[in-house]
Amino acid sequence: VIPKKILKSLRVPPGEAVQLADYATDWDFHPELVKLGKDQVREAAGQILAENQTALAEAQERLWASDSWSVLVVLQAMDAAGKDGIIKHVMAGINPQGCQVFSFKVPSAEEVDHNFLWRYMRALPERGRIGIFNRSYYEDVLVVRVHPEILEKQRLPARKFDRKFWEARYDDINRFERHLVRNGTMVLKFFLHISKDEQRRRFIDRLEDPEKHWKFSLGDLAERQHWDAYQEAYQDALNATSTKWAPWYVIPSDLKVTARALVSEVMVSRIERLKLGYPEVSGEVEQRLADALSALRAEAAKGR
Ligand code: ATP
Ligand code: MG
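This write-up is about the structure you can find in this document. As the structure is a computational prediction, the values presented were derived from the model and not from experiment.

Thoughts on helix α10 (residues 196-208)
A turn of α-helix holds 3.6 residues, and therefore any two residues three or four places apart point the same way.
And step 1. Along its 13 residues, α10 runs 18 Å from first to last C-alpha, staying within 8% of the 18 Å computed at 1.5 Å per residue.
And step 2. Of all the residues in α10, the buried ones are E198, Q199, R202, F203 and R206. Taken down its axis, α10 places every buried residue within 135° of arc, on the same side.
And step 3. Buried residues in α10 make contact with α11 (218-224), α12 (227-241) and α13 (256-272).

Concerning the packing of helix α4 (residues 83-90) against α13
And step 1. Axis separation between α4 and α13 bottoms out at 10 Å; the angle between their running directions is 55°. Considering their axes alone, α4 and α13 lie oblique with respect to each other. The handedness of the crossing between α4 and α13 is right-handed. Each of G85, I86, H89 and V90 in α4 lies in contact with α13, whose residues at this interface are A259, R260, V263, S264 and M267.
And step 2. Partitioning the contact of α4 with α13 into residue classes produces five nonpolar, three polar and one charged.

A look at empty space enclosed by the protein
Regions of empty space are outlined by a rolling probe, equal in size to a water molecule, passed over the atoms.
And step 1. Overall, the coordinates contain two cavities of 30 Å³ or more when judged by the stated rule.
And step 2. One number sums up the size of the largest cavity: a volume of about 40 Å³.
And step 3. What lines the largest cavity is simply A81, G82, G85, I86, K256, A259 and R260.
And step 4. When residues of the lining of the largest cavity are assigned to their parent elements, the largest contribution, three residues, is made by α13.
And step 5. Classifying every residue of the lining of the largest cavity by side-chain character gives three nonpolar, two polar and two charged.
And step 6. Of the volumes computed, that of the second largest cavity is approximately 30 Å³.
And step 7. What lines the second largest cavity is simply V73, L75, I86, I87, V90, M91, I132, V263 and M267.
And step 8. Those elements that provide at least two residues to the lining of the second largest cavity are β1 (70-77), α4 and α13.

Some remarks on a nonpolar patch on the surface
And step 1. A cluster of nonpolar side chains, namely V281, V285 and L289, defines an oily patch on the protein surface of about 230 Å² accessible area.
And step 2. Turning to its location among the elements, V285 is positioned in helix α14 (residues 283-303).

Some words on the packing of aromatic side chains
And step 1. A full pass over the atoms with the stated rule returns twelve aromatic pairs.
And step 2. Ring centres of F104 and F133 lie 4.9 Å apart, and the angle between their planes is 80°; this geometry places the pair in the edge-to-face category. Residue F104 is located in the loop between β2 (99-103) and α5 (109-112), and its partner F133 is located in strand β3 (residues 130-134); the two are separated by 29 residues in the primary sequence.
And step 3. Owing to a relative accessible area of 9%, F104 belongs among the buried residues under this scheme.
And step 4. With relative accessibility at 0%, the residue F133 sits in the buried group.
And step 5. Where Y120 meets Y137, the ring centres are 5.8 Å apart and the plane angle is 80°; that geometry is what we call edge-to-face. Separated by 17 residues along the polypeptide, Y120 in helix α6 (residues 118-121) and Y137 in the loop between β3 and α7 (143-146) bring together distant segments of the chain. Grouping residues by exposure puts Y120 and Y137 together as buried.

Focus: the site of ligand 1
And step 1. Within the structure, ligand 1 sits among 14 residues, and K83, K105, R119, R135 and E139 are positioned closest to it.
And step 2. In this structure, an oxygen atom belonging to ligand 1 sits 3.2 Å away from a main-chain N or O atom of V106.
And step 3. Between ligand 1 and R119, the relevant distance is 3.1 Å, taken from a nitrogen atom to a side-chain nitrogen or oxygen of the residue.
And step 4. Contact with the protein chains hides 75% of the accessible area of ligand 1, taken as 630 Å² for the molecule alone.

Some words on unusual backbone geometry
And step 1. If you check the backbone angles, R135 has positive phi at about 70° while not being a glycine.
And step 2. Among the structural elements, R135 can be located in the loop between β3 and α7.
And step 3. With phi around 50°, K275 is a residue other than glycine that occupies positive phi space.
And step 4. Tracing the backbone shows K275 in the loop between α13 and α14.

Conventions used here
Residues numbered from 1 in each chain as written. Chains lettered and ligands numbered in written order. Predicted model: local features only at pLDDT ≥ 70, side-chain atom pairs only at ≥ 80, totals over all residues. Heavy atoms only, no water. Helix = DSSP H or I, 4+ residues; strand = E, 2+ residues; numbered from the N terminus. Expected span 1.5 Å × (residues − 1). Buried < 20%, exposed > 50% of the residue type's maximum accessible area, 1.4 Å probe, protein only. Arc of directions from axis to C-beta. Contact = heavy atoms within 4.5 Å. Axes fitted to C-alpha atoms, helices over the stretch in contact; angles between N-to-C directions. Parallel < 35°, antiparallel > 145°, perpendicular 65-115°, else oblique. Left-handed = near helix turned anticlockwise from the far one by under 90°. Nonpolar A, V, L, I, M, F, W, Y, C, P; charged D, E, K, R; others polar. 1 Å grid on protein atoms, 1.4 Å probe; cavity = no way out; pocket = protein on both sides within 12 Å on 5 of 7 lines; lining within 4 Å. Points joined across faces, edges and corners; volume = space filled by probe spheres on them. Patch = residues over 30% accessible without salt bridge, like charges linked within 9 Å, V, L, I, M, F, W, Y side chains within 5 Å. Areas by Shrake-Rupley, 256 points an atom, 1.4 Å probe, with all protein chains shown as cover. Salt bridge = Lys/Arg side-chain N within 4 Å of Asp/Glu carboxyl O. Phe/Tyr/Trp six-rings, centres within 6.5 Å; stacked < 30°, edge-to-face > 60°. Near = heavy atom within 4 Å. Polar contact = N/O pair within 3.5 Å; in protein donor to acceptor, adjacent residues only side chain to side chain.

In structure tokens, the structure reads:
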């Protein structure tokens with residue numbers, strides 16, 4: 001189990017103005033971890049991840065059985081930060097019936113003809129399920145903020161895409177998430193934070209290995225040119241939308257295994273806080289079940 005204070009240090013405190021540069025990207029983001037050293041941290045993280053895979057499978061069963069809450073996991077990150085690996089490793093072990101993953105790409109013509117939250121609303125997890133958004137409505141204050149020309153084609157009534165415009169979007173998002181939480185969808189938001197150097201290493205790795213070429217798109221290189229603008233857009237979004245009901249967690253992601261352990265730890269500990277139990281069966285029903293059991297046993301005895 002990862003100490004609470006470590007998890008807490010990753011949470012963007014609601015109502016405060018943080019600097020993204022103050023959040024670490026590497027494994028040694030906490031003094032207690034520095035003491036351990038990289039190899040030990042790597043090993044411990046692997047163990048924590050394995051334990052949490054089991055814990056999450058159990059938590060998901062209780063979620064399913066109690067049928068009152070759902071969990072929305074929002075994953076945001078720069079390219080090559082490891083969103084896919086998080087989904088693959090953190091969710092390994094979960095019953096596929098109880099979870100769903102949606103990946104959001106450039107919106108279609110039909111999608112931009114609606115309000116910006118429309119396509120995400122349609123993909124929300126129903127009660128009892130864990131839903132993952134691989135990219136999300138946050139793209140609408142991130143990529144779109146870095147490239148306002150995208151908005152110009154969207155035929156919005158707004159004429160100016162100024163501070164007020166973005167603040168209105170943050171406000172829409174906060175109220176939307178508030179609505180979700182009030183109605184039984186827990187919202188967990190993770191920003192997988194990598195350094196620019198680590199992104200370069202991962203791109204080089206993909207380009208050097210022909211089996212990884214499919215993972216590389218030239219567009220990723222173009223977006224890398226806008227690194228600083230993205231960091232600024234992320235920082236503004238995190239500050240404006242880390243709320244008591246839906247806080248952001250900034251996950252140091254230069255080392256993949258610690259990132260996976262941390263995300264799984266937050267998920268397990270937050271779902272456990274819902275204190276979901278298995279539904280209780282009433283005394284009358286218990287009696288009928290006991291009767292059914294005796295009847296079946298009697299039938300088996302006769303057949304012997
Ligand atoms: P991977 O590259 O690992 O397969 P990915 O999430 O990067 O995963 P891509 O198909 O490469 O998937 O990229 C999706 C693109 O869609 C991203 O560049 C993202 O910025 C863009 N996108 C997502 N949502 C929106 C949006 N609402 N408006 C404009 N662009 C968006
Ligand atoms: Mg991509």
